[in-house]
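Structural features, examined
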Amino acid sequence: MTQSIPARFNAEARSEVGLHRSGNEDSALINGVLIAVADGMGGHAGGEVASKVAITTLAQILPLLNNDEMDSESLEDFLLNTLVDIDNEIGETAADDDRLSGMGTTLTSVALYRGKAYVLHAGDSRAYRLRGKEFTQLTKDHSVVQELIDSGAITEAEAATHPQRSVLTNVLMGLGKVTPLLVEYEAKPGDKFILCSDGLNNVVTNSEIHEALKGDDAISKLIALTYERGAPDNVTIVIAEVGAGDTPTQFLGAAK
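Once that is clear, we can look at the overall build of the protein. Counting its regular elements, the protein contains eight helices and twelve strands. Relative to the globule expectation of 18 Å for 256 residues, the C-alpha radius of gyration of the protein, 17 Å, shows essentially globular dimensions. Each principal axis of the C-alpha distribution contributes one length, and for the protein these read about 60 × 45 × 35 Å. For the protein, the residues scored as buried account for 52% of the 256 residues in total. Taking the intrachain contacts of the protein between residues at least 6 apart in sequence as the baseline, contacts between residues at least 24 apart amount to 72%. Just so you have it, the protein exposes about 11900 Å², and 48% of that area is on carbon and sulfur atoms. Each charge class in the protein can be summarised by its mean position, and for the 20 positive and 38 negative side chains these summaries are 6 Å apart.

This is the structure:
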């Protein structure tokens, strides 16, 4: 009897500073069972520290994801509690250094476990999925402008230049106020999961991201497009395909 090979991510990623930043406040992680992007805020040093804390704390769950012994309900509880643990760690780190006061970070990750993809999300870094020709945004931005769009107060076009476009409503700042959001999706072989910081989607549309994914070297194409449009922010992109291969653990950006 042939034993089936568990699905793993074949992942790649890049994190770039952009044209108007002195350092990289983004952090990212890729692995065969876990991918993540965090976009730090609160000043150059604070943003770097917050996103690095988020990614390195999240990485501590890798042994669990590689151990096929937890039921789905227990895993969901564990992942939600991990987001709270990250928030607490950010708060403790900031309390030890006055220079880090007010720092925070987004976090969007996808954990692969028993044929399911668990999307953990706080902030406005995004997760997408490409399945065949179907391209889907899996996360909704936790931001003031997204709430205004949802209520019909402004349009998508107006959101791009709205003065509160950078104000987040759910983010990891160590204040004990984060609302963990976890959504489970089926993970089929060939599915591609795409994560990015808003340095990409603030200047590149969803349809352009989808178009780039149709060819080879999509990350380089998207980074180049971002730079063509001024690259006003750090930009981090992860693309991970569900398959039978594997990806060694790699940290990027501030977490490198």
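Moving on from the coordinates now.
Take helix H7 (residues 206-213) next. Taken as a whole, H7 has its buried residues at Ile209, His210, Ala212 and Leu213. Buried positions in H7, seen along its axis, are confined to an arc of 160° and lie on one side of it. Residues of H7 that are buried sit in contact with strand E7 (126-131), strand E8 (134-137), strand E10 (192-196), helix H6 (198-201), helix H8 (218-228) and strand E11 (235-243).

Attention shifts here to the nonpolar core. Within the largest apolar cluster, 33 residues are counted, with the highest numbers of intra-cluster contacts made by Leu34, Leu65 and Leu107. Ranked by the residues each element gives to this core, the list is headed by helix H3 (residues 72-95), at six residues. Setting aside its immediate chain neighbours within four residues, leucine 34 contacts Phe9, Leu29, Leu58, Ile61, Leu62, Leu65, Ser109, Val110 and Ala111. Counting 21 residues, the second-largest nonpolar core is a separate cluster that includes Ala13, Ile35, Val37 and Ala127.

Our focus in this paragraph is the sheet that holds strand E1 (residues 8-16). Strand order in the open sheet made by the five strands is E1-E11-E10-E7-E8, with antiparallel pairing throughout. Across the chains shown, the open sheet's two edge strands, defined by having one partner strand only, are E1 and E8. Here the average twist between neighbouring strands, direction ignored, is 15°. Inspection of the sheet shows E7 paired to E10 by five bridges, in the antiparallel sense. Following the sheet pairing, arginine 126 is matched in E10 by cysteine 196.

By volume, the largest pocket is sized at about 900 Å³. For the largest pocket, the lining is made up of 31 residues, of which Asp124, Arg165, Asp198, Asn201 and Asn202 are closest to its centre. Across the lining of the largest pocket, the residue classes tally to nine nonpolar, twelve polar and ten charged. Of the voids in this model, the second largest pocket is the one considered here, and its volume is about 250 Å³. Together, 13 residues line the second largest pocket, and Pro6, Ala7, Leu65, Asp68 and Arg114 are the ones closest to its centre. Across the lining of the second largest pocket, the residue classes break down as seven nonpolar, three polar and three charged.

Cut-offs and rules
Residues numbered from 1 in each chain as written. Predicted model: local features only at pLDDT ≥ 70, side-chain atom pairs only at ≥ 80, totals over all residues. Heavy atoms only, no water. Helix = DSSP H or I, 4+ residues; strand = E, 2+ residues; numbered from the N terminus. Rg over C-alpha atoms; globule rule 2.2 N^0.38 Å. Buried < 20%, exposed > 50% of the residue type's maximum accessible area, 1.4 Å probe, protein only. Contact = heavy atoms within 4.5 Å. Areas by Shrake-Rupley, 256 points an atom, 1.4 Å probe, with all protein chains shown as cover. Lys, Arg positive; Asp, Glu negative; His and termini not counted. Charge placed at Lys NZ, Arg CZ, Asp CG, Glu CD. Arc of directions from axis to C-beta. Core = buried A, V, L, I, M, F, W, Y, C linked by side-chain atoms within 4.5 Å. Pairing = 2+ DSSP bridges. Axes fitted to C-alpha atoms, helices over the stretch in contact; angles between N-to-C directions. 1 Å grid on protein atoms, 1.4 Å probe; cavity = no way out; pocket = protein on both sides within 12 Å on 5 of 7 lines; lining within 4 Å. Points joined across faces, edges and corners; volume = space filled by probe spheres on them. Nonpolar A, V, L, I, M, F, W, Y, C, P; charged D, E, K, R; others polar.

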